[in-house]
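So you can see what is in the structure, the chains are spelled out below.
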Amino acid sequence: MTGLQTAAQAMLAATARLRAAGVDDPARDARLLLAHAARIEASRVTLIAPEELQPEIAERYDQLISLRAIRVPVSHLLGEREFYGRKFWVSRDVLDPRPETETLIEAALSAPFDHVLDLGVGSGCILITLLAERTSASGVGVDLSEAACLQASANAVEHHVEGRVDIVRSNWFENIDGQFDLIVSNPPYVSVEEMADLSPEVKEHEPRMALTDEGDGLGAYRRIAASAPDFLLPGGRILVEIGPTQAKKVGALFDAAGLVDVRVIPDLDGRDRVVGAKMPG
Ligand code: GLN
């Protein structure tokens, strides 16, 4: 390259590279990654667009675009992702917080709770959001992955709820004591056949154990439904995220476990996204 490119020129070239690599929204990603390389807020990119990019920023940008072109998720390159208005530290050790999971947050916040259990806590985005929104509540988050437990703990500190949260390494309910008035989970629900259809970002860069049960996608719900009644207080609620085709089957599992008031809640795209039920009061 001779001479220095302006930020606008660099972004255009990066957008073309990302488009050729099959990235979904190449212009958006080119912009976010330029902001990251230049260490500025994304909202300020337009201001620097006419300016020449300093060589160290251009080099950093080139590295980021190369990684994005092999479909490393933007969140992993930035190290963070926003969820329900807060930033969470993320990495390839945890499922990326997704906007559809905010449906579960809204459902949880629609009624009071004091003590919440999150099964498969991952980044901690569900549990920590709930505790940040309900400042008198406490909670327990479990994950089989030690790395996920560390990530959730870091996010608890980031959002100042570490004094009200216990992060425990556990295979579902195995190392858990006590009873809760709310159980939440976004378990692995992709069937092993469906894994092939996921985007490269998800399939190659997110933890497989957070995505699939290596079976029909309902394995986690069977485990959760079987034990939930032992850990729910009378009248306590359970809310789980589901894949859009799983509502009936997950509802039937809760029903068979003796839970009542089974209901299905759609996400903002109108797809079934959360199944809720209650412990008989
Ligand atoms: N919603 C995720 C996806 O389809 C799956 C998350 C999960 O299994 N909990 O990419």
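Above this text sits the structure in question.
Participant: Please explain the overall build of the chain as it appears in this structure.
Facilitator: Per the secondary structure count, the chain includes 12 helices and nine strands. Relative to a compact globule of 281 residues, whose C-alpha radius of gyration would be 19 Å, the chain shows 21 Å and is just as compact. Taken along the three principal axes of its C-alpha coordinates, the chain extends 70 × 40 × 30 Å. Looking at the chain as a whole, 50% of its 281 residues qualify as buried. Of the contacts formed within the chain by residues at least 6 apart in sequence, a portion of 65% connects residues at least 24 apart. Summed over its atoms, the accessible surface of the chain is roughly 13200 Å², and 52% of this surface lies on carbon and sulfur atoms. Here the chain carries 28 positive and 43 negative side-chain charges, and the mean point of each set is 3 Å from the other.

Participant: Can you help me understand the side chain of arginine 71 in this one?
Facilitator: Here arginine 71 is to be found in the loop between helix H4 (55–69) and helix H5 (74–78). The exposure class of arginine 71 is buried, given its relative accessible area of 15%.

Participant: I would appreciate a short explanation of the site of the ligand in the present structure.
Facilitator: Around the ligand sit Leu95, Arg98, Glu100, Asn186, Pro187, Pro188, Tyr189, Val190, Ala210 and Leu211, and those are all the residues in its vicinity. Contact between the ligand and asparagine 186: a nitrogen atom at 2.8 Å from a side-chain N or O atom of the residue. In the complex, 87% of the free accessible area of the ligand, which totals 300 Å², lies under the protein chains. Taken together, the residues that form the shell around the ligand break down as seven nonpolar, one polar and two charged.

Participant: Would you mind going over the packing of helix H1 (residues 7–20) against helix H2 (residues 26–38) with me for this structure?
Facilitator: Helix-helix packing: each pair is described by the crossing angle between the helix axes and the interaxial distance. Contact geometry of H1 with H2 gives a least axis separation of 8 Å together with a crossing angle of 130°. Relative to H2, the element H1 is oriented oblique. Taken as a pair, H1 and H2 cross one another with a handedness that is right-handed. In this structure, H1 uses Ala7, Met11, Ala14, Thr15, Leu18 and Arg19 to contact H2, whose residues at the interface are Pro26, Ala27, Asp29, Ala30, Arg31 and Leu34. Across the contact of H1 with H2, the residue classes tally to eight nonpolar, one polar and three charged.

Participant: Teacher, can you tell me more about the pairing of strand S2 (residues 86–89) here?
Facilitator: Side chains of S2 alternate between two faces, with Arg86 and Phe88 buried and Lys87 and Trp89 left unburied. Following strand S1 (residues 80–83), the chain reverses through two residues before pairing antiparallel with S2; tyrosine 84 in that reversal takes a positive phi of roughly 50°.

Participant: What am I meant to see in the nonpolar core here?
Facilitator: Nonpolar side chains tend to gather and get buried jointly when the protein is soluble and globular. Core analysis: the largest hydrophobic core is formed by 34 residues, its most contacted members being Leu117, Ile183, Ile238 and Phe254. Take this core: its biggest share by element is six residues, from helix H11 (residues 219–231). Core analysis: the next-biggest nonpolar cluster, separate from the first, contains 27 residues, Ala107, Leu109, Ile126 and Leu182 among them.

Participant: I keep staring at the layout of surface pockets and nothing clicks. Help me out?
Facilitator: Using a probe with the size of a water molecule, rolled over the atoms, empty space left in the structure can be pinpointed. Its volume calculated, the largest pocket comes out at about 1000 Å³. In this structure, the largest pocket is lined by 35 residues; those nearest its centre are Arg28, Val74, Ser75, Arg81 and Asp96. When contributions to the lining of the largest pocket are tallied by element, the ones reaching two or more residues are H2, H5, S1 and helix H9 (200–205). With five residues, H2 is the largest single contributor of residues to the lining of the largest pocket. Residues of the lining of the largest pocket, tallied by class, amount to 12 nonpolar, five polar and 18 charged. Taken as a whole, the second largest pocket spans an internal volume of roughly 500 Å³.

Participant: Would you mind showing me how to read the packing of H1 against H4 here?
Facilitator: Viewed as axis vectors pointing N to C, H1 and H4 meet at an angle of 20°, and their least axial separation amounts to 9 Å. It follows from the interaxial angle that H1 and H4 lie roughly parallel. Taken as a pair, H1 and H4 cross one another with a handedness that is right-handed. Packed against H1, whose contacting residues are Ala10, Met11, Ala14, Arg17 and Leu18, the element H4 presents Tyr61, Asp62, Ile65, Ser66, Arg68 and Ala69 at the interface. Per-class residue counts for the contact of H1 with H4 are seven nonpolar, one polar and three charged.

Participant: Any chance you could explain helix H7 (residues 125–133) here in plain terms?
Facilitator: Residues three or four positions apart in an α-helix share a direction because the helix packs 3.6 residues into each turn. Counting buried positions along H7 yields eight of nine residues, so the element is predominantly enclosed. Among all positions in H7, only Cys125, Ile126, Leu127, Ile128, Thr129, Leu130, Leu131 and Ala132 are buried.

Cut-offs used in this document
Residues numbered from 1 in each chain as written. Predicted model: local features only at pLDDT ≥ 70, side-chain atom pairs only at ≥ 80, totals over all residues. Heavy atoms only, no water. Helix = DSSP H or I, 4+ residues; strand = E, 2+ residues; numbered from the N terminus. Rg over C-alpha atoms; globule rule 2.2 N^0.38 Å. Buried < 20%, exposed > 50% of the residue type's maximum accessible area, 1.4 Å probe, protein only. Contact = heavy atoms within 4.5 Å. Areas by Shrake-Rupley, 256 points an atom, 1.4 Å probe, with all protein chains shown as cover. Lys, Arg positive; Asp, Glu negative; His and termini not counted. Charge placed at Lys NZ, Arg CZ, Asp CG, Glu CD. Near = heavy atom within 4 Å. Polar contact = N/O pair within 3.5 Å; in protein donor to acceptor, adjacent residues only side chain to side chain. Nonpolar A, V, L, I, M, F, W, Y, C, P; charged D, E, K, R; others polar. Axes fitted to C-alpha atoms, helices over the stretch in contact; angles between N-to-C directions. Parallel < 35°, antiparallel > 145°, perpendicular 65-115°, else oblique. Left-handed = near helix turned anticlockwise from the far one by under 90°. Pairing = 2+ DSSP bridges. Core = buried A, V, L, I, M, F, W, Y, C linked by side-chain atoms within 4.5 Å. 1 Å grid on protein atoms, 1.4 Å probe; cavity = no way out; pocket = protein on both sides within 12 Å on 5 of 7 lines; lining within 4 Å. Points joined across faces, edges and corners; volume = space filled by probe spheres on them.

Honestly, it's all geometry; don't read function into it.
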